Amino acid sequence: MRVPLALMALLAVLVSTAPVQAAEGGPAWEACVGLTSTPDERVKACSAVIDTRSETGRRLAGAYCNRGHGLTERRELDAALSDLDEAVKLDPAYACAFNNRGRVYGFKRDYDRAIADYDQAITLDPSLAMAYSNRGESRFNKGDLDGAIADFDAAIKRDPNYAMAYANRGYVYARRHDLAHALADYTTRIKLAPDLLAYIDRGNVYRDSEQLDRAAADCGEAIRVAPTDARGWRNRGMIRLYQGDNKGGLADYDKALQYDPADVFSWNNRGQARMRLGDKQGAIADFRKAMELKPGLQTAHDALQKLGAL
C-alpha cells in the first residue's frame, strides 16, 4: 500500500491486523483464533467452526472476523469483506470486525471507508493500538501526513512495544525528510523486532542521508538475518555502487539475482557494475534482460545506446 522511499527502495511492511485471542475450545477453534496459524490454516479452521455452528454470539463473530483476516492475507478481498460484514452484523460492538474490515477497505484503496471503520473500532476499544496504526496508514495514503503521525503517536502511547507503529512513523518522517526522527524510530523498531525489513528501512535512511558505510552495514545485517532473501543483497549492491565498489556491487547483484531472477533493477544495476568494470558483453546482456522484463526502461536503454548495442 505504501510508496517506496526511492525507486530502488523496498516497500515497508504493511500493518497486519492480528486475530482475536484464543479462548477455550476444540482444535478447530484454537487454530481459528491462534496467533501462529497461517492464513490457510486460519481459513480452514474458522470455516469448520462456522459450518458446524458450534459457536454463537461474540465467538461466532470472532470466527467470521478471523476467517476474514485469513482471507485478507490471501488477498481474497471480496470474500473477506463478506465475512467481516457478517461479523459486524453478529456483534456490532466488536472492535475486531471493524478493524479488520478497515484493513480490507485499505487494500481496496477506499481509504475513507477504511478510516470510518477504524474510527468505530477505536470508539469501541480506545486501547486498540493496532487500529490507530492502521488508521494512520490510511491517512498517510490520503496524503494526511500530520494525521498519520498523530495516529502512530497514539498507537505507540497505547503500546510502547508496538514495533510496526515505529516503522510506520519512521516511514512518514522519512517522507517528510525528517531523517533524524526517522532514524530514531527505525532504531527503536530494530530493538523491538530486528528483522530484514527493519534493517533495510534504516539502511535506506542512512543512504538518503549519505551515511553510506552505515547503510551498507544495515544491509549486511539484513543479509545476516535473511541470507536467502534477495532484498538485502540488492540493497547492499546499490550502496556498494554508490561507494564506487563495483566488484562488491557485482557480487551482491549476483546473489540478488540468484534469489530473485525476476527483479528488473538487479539486472539493470548489475549491468552498470559490469559496464564500469569493462565487461561490455556482460553489461549488454544484463541491460537487454532488464529491457525484456521492463520494456522502455530508460536507464537500460541509455546504457545500451552508449554501448553501441541499439
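Per chain, the residues get numbers from 1 upward, laid out in the order the sequence is written. Confidence filtering applies because this is a predicted model: local features only for residues at pLDDT of at least 70, side-chain atom pairs given and counted only at 80 or more, and all residues used for totals across whole chains, interfaces and linings. Hydrogens and water are ignored here; the side-chain numbers use all heavy atoms of the structure.

> Residues and numbers for the packing of helix α8 (residues 145-158) against helix α9 (residues 163-175), please.
Between α8 and α9, whose axes approach to 9 Å, the crossing angle comes to 155 degrees. Considering their axes alone, α8 and α9 lie roughly antiparallel with respect to each other. The element α8 and its partner α9 pack so that their crossing is left-handed. Here Leu145, Ala148, Ile149, Phe152, Asp153, Ala155 and Ile156 of α8 come into contact with α9, specifically with Ala165, Tyr166, Asn168, Arg169, Val172 and Tyr173. Counted by class, the contact of α8 with α9 contains 10 nonpolar, one polar and two charged residues. Axis angles are defined between N-to-C directions and span 0 to 180 degrees, where every axis is a line fitted to C-alpha atoms and, for a helix, only to the segment in contact. For helices the rule is a DSSP run of H or I covering at least 4 residues; for strands it is a run of E covering at least 2, with both sets numbered from the N terminus onward. When describing relative orientation, an angle under 35 degrees is termed roughly parallel and one over 145 degrees roughly antiparallel, while 65 to 115 degrees is termed roughly perpendicular and anything else oblique. Left-handed describes a crossing in which the near helix is turned anticlockwise from the far one by less than a right angle; the clockwise case is right-handed. In this description, contact between two residues means that some pair of their heavy atoms is separated by no more than 4.5 Å. Amino acids are sorted into nonpolar (Ala, Val, Leu, Ile, Met, Phe, Trp, Tyr, Cys and Pro), charged (Asp, Glu, Lys and Arg) and polar (every other residue, Gly among them).

> How would you explain the state of the cysteines if you had to name every residue and give the values?
Any cysteine sulfur atom paired with another within 2.5 Å is treated as part of a disulfide. Overall, the coordinates contain two disulfides when judged by the stated rule. Bridging cysteine 32 to cysteine 46, the disulfide has an S-S length of 2.0 Å. Judged by the sign of its S-S torsion, about 95 degrees, the bond between cysteine 32 and cysteine 46 is right-handed. With cysteine 32 in helix α1 (residues 27-33) and cysteine 46 in helix α2 (residues 39-52), the pair connects residues that are 14 residues apart, well separated along the chain. The residue that forms a disulfide with cysteine 65 is cysteine 96, at a sulfur-sulfur distance of 2.1 Å. Sign of the S-S torsion, about -95 degrees for the bond between cysteine 65 and cysteine 96, identifies this disulfide as left-handed. Of this pair, cysteine 65 sits in helix α3 (residues 57-73) while cysteine 96 sits in helix α5 (residues 95-107); the two residues are 31 residues apart in sequence, bridging distant segments of the chain.

> Lay out the packing of α3 against helix α4 (residues 77-90) in plain terms, naming residues and giving numbers.
Interaxial distance between α3 and α4 falls to 8 Å at its minimum, and their mutual angle equals 160 degrees. It follows that α3 is roughly antiparallel to α4 by the angle criterion. The two elements α3 and α4 cross, and the hand of that crossing is left-handed. When α3 is examined against α4, the residues Leu60, Ala61, Tyr64, Cys65, Arg67, Gly68, Leu71 and Thr72 are found in contact with a partner set consisting of Leu77, Ala79, Ala80, Asp83, Leu84, Glu86, Ala87 and Leu90. Taken together, the residues of the contact of α3 with α4 sort by class into 11 nonpolar, two polar and three charged.

> Quick one: what's the story with the environment of aspartate 245, residue by residue and with numbers?
Topologically, aspartate 245 is positioned in the loop between α13 (230-242) and α14 (246-259). Three exposure classes are used, based on accessible area relative to the maximum for each residue type with a 1.4 Å probe and protein chains only: buried under 20%, partly exposed in between, and exposed over 50%. Among the residues examined, aspartate 245 registers a relative accessible area of 32% and is labelled partly exposed. As a C-alpha pair, aspartate 245 and cysteine 219 span 26 residues in sequence and 15 Å in three-dimensional space.

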